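These are the residues of each chain, in order.
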Amino acid sequence: MTASVRAAHLAQLNVATLLHPLDDPRTAPFVEMLGPVNAAADGAPGFVWRLVEDGAADATALRPAGDDVIVNLTVWETPAALWDFTYRSGHLEAMRRRREWFARHVEAHLVLWWVPAGHLPTVGEALERLADLRANGPSPRAFTFASSYTAAEAAQHLPTEPQAQPTP
Amino acid sequence: MEDIDAIAALQDPVRRRLYEYVVAQGREVGRNEAAKAAGVARTLAAHHLDKLTEVGLLESGSRRLTGRSGPGAGRPAKVYTRARAERAVSLPARDYRTAAELLAEAAEQAGLDAGLCAAARRRGEALRGSAAPCGGLEEAMEMLAARGYAPHLESAAGIQDAEGAEVAAGGAPAVVRMRNCPFHAVAERFPPLVCGMNLALLQGLFGTDGPVRARMDARPGECCVVVENPKNNLH
């Protein structure tokens with residue numbers, strides 16, 4: 001294993017279209033889960049970072065993909081760490097009830113991609129990866145749990161990938 | 001190793017007892033312990049445990065069971081756990097797994113979670129076969145064992161309940177956890193859909209107006225549901 005492979009982290013973006021506003025009683029059970037589930041993420045093995053709005057506890061008020069679309073942007077050490085948190089923690093209960101709160105997406109709503117360790121992806125970069133997945137299907141640039149690529153595969157296919165570009 | 005050969009290895013009754021004992025522990029088991037549990041000599045147990053490893057039903061490793069290390073700690077002991085691979089034989093050949101995966105994929109894409117959970121709840125109620133809800137955790141364990149969930153009791157000591165209240169002193173309530181997910185292959189591919197189905201099935205099986213409650217409490221490597229008796233601090 002090369003140093004560049006070891007130094008890769010997995011970035012994750014998912015978008016969810018709210019059926020009702022966050023302050024609507026019908027969305028209240030979801031809002032109540034935000035604190036505990038985000039705390040569980042912060043303490044989960046392999047967790048690196050999650051997007052949080054300045055001065056807020058989470059990113060739900062940022063609406064870069066549409067007024068009724070909330071985004072969740074995180075970085076993890078490995079796909080297994082992200083998978084275990086997503087589907088094998090208190091987060092699964094929120095996933096189970098997703099149809100009560102969110103519209104069904106016809107297009108991909110979750111995208112994964114590799115970043116150099118230490119790089120914190122911007123929302124713009126994340127939305128580009130989602131657009132790439134939607135336009136071109138899974139590739140080493142943008143993939144899903146079911147169509148996963150290793151960091152080594154991504155590095156092979158992305159010889160011009162900028163390393164740890166400074167955030168604007 | 002073909003599945004049929006692996007399964008055929010369990011025809012020997014001693015081997016089968018050893019296999020079932022190791023599987024039920026959910027941890028590494030040494031030769032002495034397995035021999036004692038199966039009521040056979042250590043050398044015979046070792047022979048059968050190695051045979052089970054050879055056919056791929058168990059995996060073996062070595063550990064120092066004494067907790068000591070360095071010179072004088074003795075040789076590491078051989079330990080056994082259940083192999084992760086699934087084994088199945090169907091005669092005539094059937095392929096329900098592909099059917100399940102395709103149906104799950106279609107249900108996921110169409111967002112049919114609510115309809116699937118309603119069907120699962122009805123099935124659970126039908127499987128219960130009685131109008132009365134499940135009467136307690138022991139009965140629940142039997143029902144789960146019969147359906148292949150490999151249930152075990154876990155003390156909830158030191159764990160606060162959902163409302164943050166302290167668990168009553170003098171007898172920490174236990175919860176039933178399950179080592180095996182009967183829907184593993186499809187649950188791994190479509191977790192929210194299939195785990196939700198599993199929860200609804202168990203809620204139907206136990207009833208929701210009795211003393212026993214099934215709820216989601218996922219953790220790595222186990223079934224995503226726990227079964228508890230919310231009032232058992234009244235014992």
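A brief structural summary. Not measured: the values here are computed from a predicted model. As a convention, each chain's residues are numbered from 1 in the sequence order in which they are written. By the order in which they are written, chains take letters starting at A while ligands take numbers starting at 1. At least 70 in pLDDT is required for a residue's local features to be given in this predicted model, at least 80 for side-chain atom pairs to be given and counted, and no such filter applies to totals for whole chains, interfaces and linings, which use all residues.

Topic: the overall build of chain A
The following threshold applies: Here a strand is any run of E in DSSP of at least two residues, a helix any run of H or I of at least four, and the numbering for each starts at the N terminus. With C-beta atoms placed from the backbone, a residue counts as buried when 20 or more other C-beta atoms lie within 10 Å of its own, as exposed when 12 or fewer do, and as partly exposed for counts between those limits. Any pair of residues counts as being in contact when their C-beta atoms, constructed from backbone geometry, are within 7 Å of one another.
Within chain A one finds seven helices and four strands. Here chain A, with 168 residues, has 27% of them falling under the buried criterion. Across chain A, every contact between residues at least 6 apart in sequence was considered, and the portion connecting residues at least 24 apart equals 73%.

Looking at helix α6 (residues 123–136) of chain A
An α-helix turns once per 3.6 residues; consequently, residues spaced three or four apart project the same way. Residue and element names in this part refer to chain A. Keep this limit in mind: Helix span, as expected, comes to 1.5 Å for every residue beyond the first. This arc is built from the directions going out from the helix axis to the C-beta atoms.
If you check α6, its first and last C-alpha atoms are 20 Å apart, about what 14 residues at 1.5 Å a residue would give, namely 20 Å. Taken together, the buried positions of α6 are occupied by A126, R129, L130 and L133. On an axial view of α6, the arc spanned by its buried residues comes to 95°, and they lie on one face. Looking at α6, the residues exposed on the side facing more than 90 degrees away from the buried face are G124, A135 and N136.

Thoughts on unusual backbone geometry
Residues and elements named next belong to chain B. A cis geometry characterises the amide bond from L91 onward to P92, with omega recorded as -5°. Note that P92 resides in the loop between β3 (77–82) and α5 (96–110). Residues other than glycine seldom take positive phi values, yet A150 does so here, at roughly 50°. Assignment of secondary structure puts A150 in the loop between α7 (137–146) and β4 (151–155).

Some points on the sheet that holds strand β5 (residues 174–178) of chain B
Residues and elements named next belong to chain B. Heads up, the condition is: Between any two strands, pairing holds if DSSP finds at least two bridges. Here the axes come from fitting lines to C-alpha atoms, over the contacting stretch only for helices, and the angles between their N-to-C directions go from 0 to 180 degrees.
Pairing within the open sheet is antiparallel, and its four strands lie in the order β4-β5-β7-β6. Of all the strands in the sheet, the pair left with one neighbour each is β4 and β6 (213–216). Put simply, the sheet's adjacent strands are angled 35° from each other on average, direction ignored. Looking at chain direction, β4 and β5 are connected through five bridges and run antiparallel. Within the sheet, the bridge partner assigned to S155 lies in β5 and is A174. Contacts from α7 reach β4, β5 and β7 (225–228), with the element oriented near 5° to β5. In the packing of helix α9 (residues 191–206) onto the sheet, contacts are made with β6 and β7, and the angle to β6 comes to roughly 170°.

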